[in-house]
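Chain and residue survey
Spelled out, the chains give:
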Amino acid sequence: MWCARAGGPALWAPTTTCATAEICVDVAARIVTCEAAGVGAAPFRLDDDARDRLVAGLTQLEVTLRAADRIAAFERARAPWLHISA
């Protein structure tokens with residue numbers, strides 16, 4: 001889907017006729033290139049959170065686990081009648 005926005009059918013044509021055509025996705029810079037299709041540097045949209053997770057190689061779960069201490073502190077600080085026992 002992102003290729004359709006970034007370069008359209010021009011990106012797909014060389015990949016179906018040339019097995020060595022390369023599509024390069026630069027997540028950090030948010031650009032996609034394909035020399036075989038003549039696509040120099042087509043920008044694509046990617047929100048900052050998704051970009052940061054992809055660049056760092058993190059899943060959403062790993063991002064959440066990084067905040068485990070803050071989550072635990074929040075749980076300890078909230079009203080006792082709101083606690084859910086396991």
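Scroll up for the structure.
The following paragraphs examine the structure supplied in this document. (Residues numbered from 1 in each chain as written. Predicted model: local features only at pLDDT ≥ 70, side-chain atom pairs only at ≥ 80, totals over all residues. Heavy atoms only, no water.)

**Examining the overall build of the protein**
Looking only at helices and strands, the protein has 5 helices and 3 strands in total. By residue count, 16% of the 86 residues in the protein fall in the buried class. Contacts in the protein between residues far apart in sequence, at least 24 positions, make up 19% of those at least 6 positions apart. A total accessible area of about 6500 Å² is found for the protein, and carbon and sulfur atoms account for 60% of it. (Helix = DSSP H or I, 4+ residues; strand = E, 2+ residues; numbered from the N terminus. Buried < 20%, exposed > 50% of the residue type's maximum accessible area, 1.4 Å probe, protein only. Contact = heavy atoms within 4.5 Å. Areas by Shrake-Rupley, 256 points an atom, 1.4 Å probe, with all protein chains shown as cover.)

**Focus on the pattern of salt bridges**
If charged atoms from side chains of opposite charge come close, those side chains can pair. A full pass over the atoms with the stated rule returns 3 salt bridges. Among the salt bridges present, the one from arginine 30 reaches aspartate 48, with a minimum N-O distance of 2.5 Å. Residue arginine 30 is located in the loop between strand S1 (24–26) and strand S2 (31–34), and its partner aspartate 48 is located in helix H3 (residues 48–56); the two are separated by 18 residues in the primary sequence. Judged by its relative accessible area of 23%, arginine 30 falls in the partly exposed class. Note that arginine 78 is salt-bridged to glutamate 75, the shortest N-O span being 2.9 Å. Accessibility expressed as a relative area gives 22% for arginine 78, which makes it partly exposed. (Salt bridge = Lys/Arg side-chain N within 4 Å of Asp/Glu carboxyl O.)

**As for the nonpolar core**
By size, the foremost hydrophobic cluster in this structure holds 5 residues: Val32, Cys34, Val39, Ala42 and Phe44. Those elements giving two or more residues to this core turn out to be S2 and strand S3 (39–43). (Core = buried A, V, L, I, M, F, W, Y, C linked by side-chain atoms within 4.5 Å.)

**With respect to the sheet that holds S2**
Read across the sheet, 3 strands follow the order S1-S2-S3 without closing on themselves; strand pairing throughout is antiparallel. Both edges of this open sheet fall to S1 and S3, since each of them pairs with a single strand only. Ignoring which end each strand starts from, the neighbouring axes of this sheet average 20 degrees apart. Relative to S2, S1 runs antiparallel, the two sharing 3 bridges. In the sheet register, aspartate 26 faces S2, and the bridge partner there is isoleucine 31. (Pairing = 2+ DSSP bridges. Axes fitted to C-alpha atoms, helices over the stretch in contact; angles between N-to-C directions.)

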